[in-house]
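Observations on the model geometry
For reference, the chains in residue letters:
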Protein chains: 2
Amino acid sequence: MTIITYYCFMPASHPAPERFPVTVDVVALTVRDGELHVLLITRLIEPFRGRLALPGGFVLAGEDLLEAAVRELAEETGVEHLPGHLEQLGSYGPKGRDPRGDVLTVAHLLLAPDFPVLSAGSDAEQAAWYPVRDVLDGKLELAFDHARILDDALERAKSKLEYSPLGAAFCDEEFTIAQLRSVYEAVWGTRLDARNFHRKATGTPGFLEDTGRMTTGDAGRPAALFRLALEARPTPGQPTRAVLNPPLMRPRAVDPR
Amino acid sequence: MTIITYYCFMPASHPAPERFPVTVDVVALTVRDGELHVLLITRLIEPFRGRLALPGGFVLAGEDLLEAAVRELAEETGVEHLPGHLEQLGSYGPKGRDPRGDVLTVAHLLLAPDFPVLSAGSDAEQAAWYPVRDVLDGKLELAFDHARILDDALERAKSKLEYSPLGAAFCDEEFTIAQLRSVYEAVWGTRLDARNFHRKATGTPGFLEDTGRMTTGDAGRPAALFRLALEARPTPGQPTRAVLNPPLMRPRAVDPR
DNA sequence: GTAATTATCGTCATGTTGACAATAAAGCGA
DNA sequence: TCGCTTTATTGTCAACATGACGATAATTAC
């Protein structure tokens with residue numbers, strides 16, 4: 001054991017505020033073979049050694065939250081420039097969620113196309129994609145309160161698809177309507193009518209842009225390739241403007257008077 | 001100046017994680033005289049002494065975030081049991097948002113009926129309601145990054161009204177359709193057609209419940225008093241189930257085959 | 001070539017919306 | 001008491017969106 005000492009200079013009239021270790025965790029979701037998958041690491045140290053957990057780690061001095069999330073994700077997957085859309089999900093704690101003491105964690109959500117995770121060395125925590133279903137079914141157990149964070153992430157992802165163009169964050173740069181539909185089906189856990197989905201996706205102004213190219217080589221009729229329209233592209237870390245969904249009661253002004 | 005020393009016992013093989021002071025801030029919104037107001041305090045200490053700021057303060061040992069937000073709000077308004085709906089908004093920092101050093105803040109959002117703020121003693125920070133418009137217009141300047149947090153809170157509040165029954169969180173237990181409409185108008189900054197709003201509000205299943213009572217004494221025809229239906233009542237701190245809004249593309253399954 | 005597969009377009013009944021007319025039920029002032 | 005004003009509530013209608021599903025197009029598989 002080592003004794004580590006912090007010095008903190010404060011005006012004597014005010015008590016020193018409590019300081020907390022802060023971690024970032026990332027719920028990285030992707031759609032693989034039509035099924036939703038989440039990126040998990042196998043913990044190599046206590047607590048929860050050997051248990052699956054969300055990738056993440058401590059925020060370092062001088063870092064912002066999003067930076068820390070990007071760094072941790074890069075470290076644990078070996079992927080330099082990560083694809084997809086990253087946003088903050090919410091904060092948990094600090095009370096009673098880590099047996100080592102009070103740790104605040106800021107969870108993040110990454111919606112990404114299926115990217116390959118690089119093998120870590122033998123002494124590094126190995127990240128890999130796991131079917132979300134296996135976690136929900138209890139086949140896989142997560143460390144800490146990560147199951148709850150995953151639940152919240154899934155809820156957020158579902159509603160993001162309803163109200164924003166972020167379904168496309170699961171796709172590559174160019175994609176077909178069917179690929180996009182399979183994202184919706186995987187995240188929502190439903191089957192959707194291909195014809196109505198096509199009408200809706202192509203008919204929503206400011207959502208998709210036809211690239212003019214087509215798929216080749218697949219079974220069946222070739223499909224047109226689309227990309228996200230410029231105005232629908234998410235700014236990393238920024239709240240996404242809803243483009244897809246005119247909801248029921250909308251801020252629509254009546255003639256003032 | 002006093003030197004405060006922390007001791008932290010850690011396994012020598014791992015470096016001590018950075019620790020950050022963590023604050024909670026609350027964006028408390030209400031509708032007063034048809035206009036959106038936000039609760040602000042006048043800072044009595046540096047930094048930003050004399051400047052307006054969101055109510056908030058440091059998270060204490062053994063506290064959870066929501067607890068801390070409730071405690072700070074109670075301390076700064078003198079209100080014991082706070083009305084309305086409180087939820088987490090998001091976290092900011094820790095880099096470069098406080099001149100004293102890196103401080104992480106977890107912002108919260110309170111949607112509440114117009115409650116009176118108790119006068120603080122002369123040496124306490126005085127909380128009061130201010131028109132949101134004055135902040136947006138630049139007539140009032142906020143400390144730290146609180147203007148940005150307020151922006152995010154307003155965005156969140158607007159979308160909450162679209163997708164959830166939380167507009168009623170601004171009203172008293174029982175309210176008229178016109179009172180509810182004035183909430184929507186204030187938050188969205190628009191005027192809405194009273195007849196269509198009435199149809200929509202009363203016609204949405206699981207939203208409102210007729211109390212059978214009527215208003216008396218106001219000008220014009222008396223209005224029926226409603227309350228939130230049981231299934232639409234928010235659980236404090238819990239994500240709210242959207243009741244109001246069937247959005248355009250919804251998880252609706254097609255006959256599986 | 002024929003079948004199977006997938007993509008895309010079209011049709012139609014139903015439901016929701018926005019605009020706005022009409023009516024109901026109170027207070028107010030003459 | 002009788003209009004007049006004010007606000008609440010009901011109703012109507014055209015335009016549009018949705019869900020269900022038929023039909024057609026353009027490929028690959030055999």
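The structure this text deals with has already been given above.
Residues numbered from 1 in each chain as written. Chains lettered and ligands numbered in written order. Predicted model: local features only at pLDDT ≥ 70, side-chain atom pairs only at ≥ 80, totals over all residues. Heavy atoms only, no water.

1. Section: the pairing of strand E2 (residues 19–32) of chain B
In terms of residue burial, E2(B) counts as a mostly covered element, since 12 of its 14 residues are buried. Relative to E2(B), strand E2 (residues 19–32) of chain A runs antiparallel, the two sharing 3 bridges. If you follow A:Arg19 over to E2(B), its bridge partner there is B:Pro21. Inspection of the sheet shows E2(B) paired to strand E7 (residues 104–111) of chain B by 8 bridges, in the parallel sense. Directly across from B:Val26, in E7(B), lies its bridge partner B:His108. Note: E2(B) against strand E3 (residues 35–42) of chain B, 4 bridges, orientation antiparallel. (Buried < 20%, exposed > 50% of the residue type's maximum accessible area, 1.4 Å probe, protein only. Helix = DSSP H or I, 4+ residues; strand = E, 2+ residues; numbered from the N terminus. Pairing = 2+ DSSP bridges.)

2. Focus on the side chain of A:Glu76
Residue and element names in this part refer to chain A. Of note, Glu-76 is situated in helix H1 (residues 65–77). A distance of 2.8 Å separates a polar atom in the side chain of Glu-76 from the backbone nitrogen of Gly-56. Contact partners of Glu-76, with chain neighbours within four places excluded, come to Ile-41, Pro-55, Gly-56, Glu-125 and Ala-127. (Polar contact = N/O pair within 3.5 Å; in protein donor to acceptor, adjacent residues only side chain to side chain. Contact = heavy atoms within 4.5 Å.)

3. Quick word on the packing of helix H4 (residues 177–188) of chain B against helix H5 (residues 194–203) of chain B
Residues and elements named next belong to chain B. For the pair H4 and H5, the least separation of the axes is 10 Å and the interaxial angle reads 105°. Here H4 is positioned roughly perpendicular relative to H5, judged by the angle of their axes. Contact residues: H4 offers Ile-177, Leu-180, Arg-181 and Tyr-184, while H5 offers Ala-194, Phe-197, His-198, Ala-201 and Thr-202. (Axes fitted to C-alpha atoms, helices over the stretch in contact; angles between N-to-C directions. Parallel < 35°, antiparallel > 145°, perpendicular 65-115°, else oblique.)

4. Digging into the environment of A:Asp218
With respect to the secondary-structure elements, A:Asp218 resides in the loop between strand E9 (208–214) and strand E10 (224–228). Considered as a pair, A:Asp218 and A:Ala107 are 111 residues apart in the sequence and their alpha carbons are 39 Å apart.

5. A word on the pairing of strand E6 (residues 85–92) of chain A
Across a regular strand the side chains alternate sides, sitting on one face of the sheet and then on the other. Residue and element names in this part refer to chain A. Burial analysis of E6 places 7 of its 8 residues in the buried class, which makes it a mostly covered element. For E6 and strand E7 (residues 104–111), the ladder comprises 7 bridges, and the chain directions are antiparallel. When the sheet's bridge partners are listed, Ser-91 is paired in E7 with Val-106.

6. Things to note about the side chain of B:Glu185
All names here are of chain B. Among the secondary structure elements, Glu-185 is positioned in helix H4. Relative accessible area serves as the criterion here: at 13%, Glu-185 is assigned to the buried category. Contact partners of Glu-185, with chain neighbours within four places excluded, come to Thr-190, Arg-191 and Leu-192.

7. Overview of unusual backbone geometry
At the junction of A:Glu46 and A:Pro47, the peptide bond is cis and its omega measures out at -5° in the coordinates. Looking at the secondary structure, you find A:Pro47 in the loop between strand E3 (35–42) and strand E4 (52–53). For B:Asp33, which is not glycine, the phi torsion reads 50° and is therefore positive. Relative to the assigned elements, B:Asp33 resides in the loop between E2 and E3. For B:Asp33, a relative accessible area of 77% corresponds to the exposed category.

8. Comments concerning the pattern of salt bridges
Using the criterion set out here, one finds 36 salt bridges over all chains in the structure. Across the salt bridge formed by B:Asp152 and B:Arg148, the nearest N and O atoms sit 3.5 Å from each other. Of this pair, B:Asp152 and B:Arg148 both sit in helix H3 (residues 146–163), separated by 4 residues, roughly a single helical turn. Taking the relative accessible area as the measure of exposure, B:Asp152 reaches 22% and is therefore partly exposed. Overlapping salt bridges bring together A:Glu63, A:Arg71, A:Glu72 and A:Glu75 as one network. (Salt bridge = Lys/Arg side-chain N within 4 Å of Asp/Glu carboxyl O.)

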